[in-house]
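# Close look at the chain arrangement
What follows is the residue order along each chain.
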Amino acid sequence: MMIKISKKKDPQQPIADSCRVLAHLLNYPGPELRSALPALAAALREEGALSEARQAELAMLMATLQRGDAYEVEARYVESFDRGRATSLHMFEHVHGDSRTRGPALVDLVQTYEAGGMFFDASELPDFLPVVLEFASTQEPATARAFLAELAHILSSIHAALIKRDSLYAAAIGAVLELAGEKPRTLQITPDEPLDESWQEPAAFDGCSSRGQQGPQPVHIVRKSPVSQQGGRA
């Protein structure tokens, strides 16, 4: 009888590119994001921080975003994340709701970013999951995993709610949980045409920006410098 031994993930395995890719995938799927999908898929494969099963889920999500009607893709994002608190991507909304305690919690989170050497400069709130992932991508792997693990109970709740809604976006939340060291449920996916056959792979991933897309805007967190502290960028 063969005994299957699963390889334990190295806590020092780089996860920066995976965090950035997931930050993009959880942002509004405007034209710029959709055009960047081949590069994002290549980055995930190259870094290899996620299991094959999780990468297959994400490949299905990206294929759906790439090939679907633009209006329907954007409407699906709104339906997934902007229709009730259960799947909100604002982490503290699940804990504090609209209470007065949320404000101080957001301030504390910004201070965490600053203590990590980053300057928060965005129109989005700091507890927006893509913001959290952008910050995690700037930290050492073990620190990033521990930071994401602190949100595991919230992410697990969102993941379950998305599965209940049959949303492929559950793949992205499941991937965040996996980076945090959790073992979320895998999705039942239907085999599709391999992405390699439908997309031309780019030469390299350069952390494509999603600036200028419609809908909720991405965040930009940059390292502190004397200039950035006065309102400029590093």
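Regarding its fold elements, the protein chain presents 11 helices and 2 strands. Listing the helices and strands of the protein chain from first to last along the sequence gives α-α-α-α-α-α-β-α-α-α-α-α-β. Here the contacts in the protein chain between residues at least 6 apart in sequence split such that 70% fall between residues at least 24 apart. Approximately 12,200 Å² of the protein chain is accessible, and the part contributed by carbon and sulfur atoms is 52%.

Tallying each qualifying case throughout the model produces 5 salt bridges. Residue Arg54 is joined to Glu57 by a salt bridge in which the shortest nitrogen-to-oxygen separation is 3.2 Å. A residue pair is termed a helical-turn pair when its members lie 3 or 4 positions apart in one helix, as Arg54 and Glu57 do in helix α3 (residues 52-67) at 3 residues. The partner of Glu178 in a salt bridge is Arg54, with the nearest N and O atoms 3.1 Å apart. On the criterion of sequence distance, the pair formed by Glu178 in helix α10 (residues 170-179) and Arg54 in helix α3 is long-range, its members being 124 residues apart. Of the residues examined, Glu178 reaches a relative accessible area of 16% and is grouped as buried. With a relative accessible area of 3%, Arg54 lands in the buried category. A network of salt bridges, in which partner residues are shared, links Arg54, Glu57 and Glu178.

Rules used throughout
Residues numbered from 1 in each chain as written. Predicted model: local features only at pLDDT ≥ 70, side-chain atom pairs only at ≥ 80, totals over all residues. Heavy atoms only, no water. Helix = DSSP H or I, 4+ residues; strand = E, 2+ residues; numbered from the N terminus. Contact = heavy atoms within 4.5 Å. Areas by Shrake-Rupley, 256 points an atom, 1.4 Å probe, with all protein chains shown as cover. Salt bridge = Lys/Arg side-chain N within 4 Å of Asp/Glu carboxyl O. Buried < 20%, exposed > 50% of the residue type's maximum accessible area, 1.4 Å probe, protein only.

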